[in-house]
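# Descriptive analysis of the structure
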Amino acid sequence: MSEVTSIELKSLMARVPSVERVMASAGLAPLVAQHGRTQALAALRRILDDWRREAQAGRASVDALDETRLAQAVGAALEERARSKVRAVFNLTGTVLHTNLGRALLPDDAVQSVVEAMTRPANLEFDLATGSRGDRDDLIDELICELTGAEAATVVNNNAAAVLLVLSALASKKEVVVSRGELVEIGGAFRIPDIMSRAGAKLREVGTTNRTHLKDYDEAIGTRTALLMKVHCSNYAISGFTKEVALNDLSVLAKSRNVPVAVDLGSGTLVDLTQWGLPRETTVRETIEGGADVVTFSGDKLLGGPQAGLIVGRRELIAKIKKHPLKRALRVGKLTLAALEPVLRLYRAPEFLRERLTTLRLLTRAADDMRHTAERVAPALQHAIGAEFAIEVEPMFSQIGSGALPVDVLPSYGLTIRLASGKRGGRQINRVEKLLRSLPRPVIGRIADDALRLDVRCLEPHDEAAFIAQLQPEQPAQANDA
Ligand SMILES: *Cc1c(COP(=O)(O)O)cnc(C)c1O
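Residues numbered from 1 in each chain as written. Predicted model: local features only at pLDDT ≥ 70, side-chain atom pairs only at ≥ 80, totals over all residues. Heavy atoms only, no water.

## Side note on the packing of helix H6 (residues 108–119) against helix H15 (residues 334–346)
It is the contact of H6 with H15, at a shortest axis distance of 8 Å, that shows an interaxial angle of 150°. Our classification of the angle between H6 and H15 gives roughly antiparallel. The way H6 lies across H15 gives a crossing that is right-handed. Along the contact surface, H6 presents Asp109, Ala110, Ser113, Val114, Ala117 and Met118, while H15 presents Lys334, Leu335, Ala338, Ala339, Pro342, Val343 and Leu346. When grouped by side-chain class, the residues that make up the contact of H6 with H15 number 10 nonpolar, 1 polar and 2 charged. (Axes fitted to C-alpha atoms, helices over the stretch in contact; angles between N-to-C directions. Helix = DSSP H or I, 4+ residues; strand = E, 2+ residues; numbered from the N terminus. Parallel < 35°, antiparallel > 145°, perpendicular 65-115°, else oblique. Left-handed = near helix turned anticlockwise from the far one by under 90°. Contact = heavy atoms within 4.5 Å. Nonpolar A, V, L, I, M, F, W, Y, C, P; charged D, E, K, R; others polar.)

## A word on the confidence of the model for the protein chain
In this model, the protein chain carries an average pLDDT of 93, and 96% of its residues clear a pLDDT of 70 or more. Between residues 477–482, whose pLDDT stays under 50, and residues either more than four places distant or in other chains, the model counts 7 contacts. (pLDDT = per-residue confidence, 0-100.)

## Let's talk about the environment of Leu31
Along the chain, the position of Leu31 falls in helix H3 (residues 29–35). When its relative accessible area of 13% is taken as the criterion, Leu31 is described as buried. Beyond its immediate stretch of four places on either side in the chain, Leu31 contacts Gly36, Ala71, Val74, Gly75 and Leu78. (Buried < 20%, exposed > 50% of the residue type's maximum accessible area, 1.4 Å probe, protein only.)

## Focus on the packing of helix H4 (residues 37–56) against helix H5 (residues 67–82)
In the contact formed by H4 and H5, the axes pass within 9 Å of each other and the chain directions differ by 115°. Note that H4 runs across H5; the crossing there is right-handed. Contacts from Gln39, Ala40, Ala43, Leu44, Arg46, Ile47 and Leu48 of H4 reach H5 at Leu70, Ala73, Val74, Ala77, Leu78 and Arg81. Classifying every residue of the contact of H4 with H5 gives 10 nonpolar, 1 polar and 2 charged.

## Focus on the sheet that holds strand E10 (residues 261–266)
Taken in spatial order, the 7 strands of this open sheet run E4-E12-E11-E10-E9-E5-E8, and their pairing is mixed. Both outer strands of the open sheet, strand E4 (152–156) and strand E8 (202–206), are each paired with one neighbouring strand and no more. On average, each strand axis in the sheet is tilted by 25° relative to the strand beside it, whichever way the strands run. Two strands pair when backbone bridges link them, and strand E5 (residues 175–179) and strand E9 (residues 225–231) are joined in this way by 4 bridges, in the parallel orientation. For Val176, the partnering residue across the bridge sits in E9 and is Leu227. Here helix H7 (residues 141–148) sits on the sheet and contacts E4, strand E11 (294–298) and strand E12 (309–313); the angle it forms with E4, its principal contact strand, is near 115°. (Pairing = 2+ DSSP bridges.)

Following this line, the structure appears as structure tokens:
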């Protein structure tokens, strides 16, 4: 980069117009009207400061100081700042409950209920029957008990919070017996041994990674034992020469030794998914019937609701959990309860569940339906990415995600983008991935074997038009890529 002499620099700097003059220019007026003078002024100052820095490095062009160009730059900067950071995307990753993309989508009833709770006062902690103070769990615990067969229930912010609360309330300064095969790390720093120590409980590991026997638990129970705990192996499978103690057997032992059993179910489905041809997952009700004294599970995994952690179980244990000070710190807000209740209600009519519960609708989409979606959106996509690439409609496999049934995959359909030449083209494929990711509503796929795969399971027919529209040539996304 050429150094600028001080004389050249001085004359360059003299070309910078006064802030007042630019602010008074015709191009700035609509921006001031839209974003306010404070923001427009700050943006202009930043742009001029940047220009001065560039000028010092010998990289600035005086053309950029033209009033129209400055107004355009201010407009672009303000647009960028005004754009929401939380953005809707198209999830074409093939993972339905994608933790990084916000997991379950709420059904319409739940959305309406949240809007209502946001814009009107609600009886969050107010007993309408007596006119006295209520408990926010009262709004929802009966429904949870009805659907799970549990005696009592409470709700916190997420399942990690539920596990932390259960351990803090029931096992602080005591021991919790867990099989070495179930010392799960969920990701995002949720590891059973760490949560255990945070809760002030002592982890008593039993068995081995692949095999744990009933006698391992039996021998570990002592005067300091507060809980036996089972954790769902959400994101892995141990196969081969393995042995896990069934909940039924564990609970018989636990009763005879007078120790409760807690189960972290992870996803916690409320219905038998095999009726829709999905893989089998133990339900919360089966876990309660199997003898668990406390069960924790997520609200936004297979259940299909908002982020929440549900704790169900024996009345006296739930009462103890609710009295713990952490419960106050981990409690849910009204928006969560407003969303959770209508979702749970849907489970009362399993006949309609597949159609009304968004998560289940996505998980059970018919192959033909997905193939048609892929065929319908392919031409617009081809047009947007150019003839350098070949797009094919292909069968692929989706995952449920969020640690639900990690080894089971669902046959699906999608679009595979490769180089038309048939050559390997990692760099070019990455470029397409980036182009799609930088669209106004970013399209998120996955790259494997020099191909970009867009699984259309989560691109429902009602969203196809929006998907196609932003790929049309007059859209700015293409121009940006140049
Ligand atoms: C997902 C999961 C958690 C964490 O649940 P969040 O709702 O994400 O906090 C805890 N335990 C198991 C077994 C899980 O699968």
